[in-house]
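# Working through the structure, step by step
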Amino acid sequence: MKNVYFRAEVDETKCIGDGLCQTVCPSGAIRVEDKKARVDDRKCVACNHCADICPEEAVRLVDRTEPLLLKVNPAEVDRNELVKLCIKAHLHPRQLICLCAGTRVEEAAAAVLKGARSLQDITTMTGVCSGCTLYCTEPMLRLLKAAGIEPDLGEGRRLYNITPTIWDVPEEVIRKHPGYYLEEDKGVFRKT
Ligand code: SF4
Ligand code: SF4
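This write-up is about the structure you can find in this document.

What counts and what doesn't
Residues numbered from 1 in each chain as written. Chains lettered and ligands numbered in written order. Predicted model: local features only at pLDDT ≥ 70, side-chain atom pairs only at ≥ 80, totals over all residues. Helix = DSSP H or I, 4+ residues; strand = E, 2+ residues; numbered from the N terminus. Buried ≥ 20, exposed ≤ 12 C-beta atoms within 10 Å, placed from the backbone. Near = placed C-beta within 6 Å. Nonpolar A, V, L, I, M, F, W, Y, C, P; charged D, E, K, R; others polar. Axes fitted to C-alpha atoms, helices over the stretch in contact; angles between N-to-C directions. Parallel < 35°, antiparallel > 145°, perpendicular 65-115°, else oblique. Left-handed = near helix turned anticlockwise from the far one by under 90°. Contact = placed C-beta atoms within 7 Å. Pairing = 2+ DSSP bridges. Arc of directions from axis to C-beta.

### Looking at the overall build of the chain
The number of helices and strands found in the chain is 8 helices and 6 strands. In the chain, the succession of α and β elements from N to C terminus is β-α-β-β-α-β-α-β-β-α-α-α-α-α. Overall, the chain is about 60 × 35 × 25 Å in size when its C-alpha atoms are taken along their principal axes. Expressed as a percentage of the 192 residues in the chain, the buried residues total 34%.

### Focus on the site of ligand 1
Surrounding ligand 1, one finds 15 residues, the nearest of these being Cys15, Leu20, Cys21, Ala37 and Cys54. For the shell around ligand 1, a count of residues per class yields 11 nonpolar, 2 polar and 2 charged.

### Quick word on the packing of helix α4 (residues 105–113) against helix α6 (residues 137–146)
Closest axis-to-axis distance for the α4/α6 pair is 10 Å, and the angle between their directions is 40°. Regarding the angle of α4 to α6, the classification is oblique. Between α4 and α6 lies a crossing whose hand is right-handed. Side by side, α4 and α6 meet where Val105, Ala108, Ala109 and Val112 of the first sit next to Pro139, Met140, Leu143 and Leu144 of the second.

### Observations regarding the packing of helix α3 (residues 79–88) against α4
α4 packs onto α3 with a crossing angle of 110° between their chain directions and a minimal axis gap of 10 Å. By the angle class used here, α3 and α4 are roughly perpendicular. Of the residues in α4, those touching α3 at Glu81, Leu82, Leu85 and Cys86 are Val105, Glu106, Ala109, Ala110, Val112 and Leu113. Of the residues in the contact of α3 with α4, the class split is 8 nonpolar, no polar and 2 charged.

### Considering the pairing of strand β2 (residues 30–33)
Note that β2 and strand β3 (residues 36–39) share 4 bridges and pair antiparallel. If you follow Arg31 over to β3, its bridge partner there is Arg38. What sits between the antiparallel neighbours β2 and β3 is a turn of 2 residues, in which Asp34 has the positive phi angle 50°.

### Side note on α3
Within α3, the full set of buried residues consists of Leu82, Leu85 and Cys86. All buried residues of α3 fall inside an arc of 100° around its axis, so they share one side. Residues of α3 that are buried sit in contact with α4 and α6. Once α3 finishes, His90 follows within two positions and takes phi at roughly 60°, a positive value.

What follows is the structure in structure tokens.
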């Protein structure tokens, strides 16, 4: 959940249309059209990444007239389906998925069950990925894949893709290297 109090605004007289801003926008809110960057206010989560990367200082955050509330209530989806999705993604529903927005896995999972089909969808529905973007991308990708969705990463977007974890190590490798105790480690995680 996030209350968004600002929105990005582009000074078209400074914008050179190089498109750098759209490679870092987590919600797909900023796009270059006719060689000028334009912002969809309804999607902007005020992360400031576009302003940070813009070489012409053409973007700044300005106040919204009304804050934009981004929130999906996990209680509105079937709890069993939600827990099943989280287990398949090897995530705990109460685990924090986004430290910046203080959002838990269950909210992002509920967004997927309510129709989110991409990282951008989850961001615009919940506000996840509107801060550092270091930790949240990976679990969001896991949730989408667990739901059988091959996520559209967004054209030219810069992000961290899925990194292998203990759950991705093939069984034959685990058996071949018992000294690493990977099976035992997985048992501990399953219990928690
Ligand atoms: S990064 Fe700046 S100059 Fe480049 S397209 Fe975006 S707003 Fe325009
Ligand atoms: S979501 Fe972030 S990167 Fe995208 S337009 Fe808004 S402030 Fe810029």
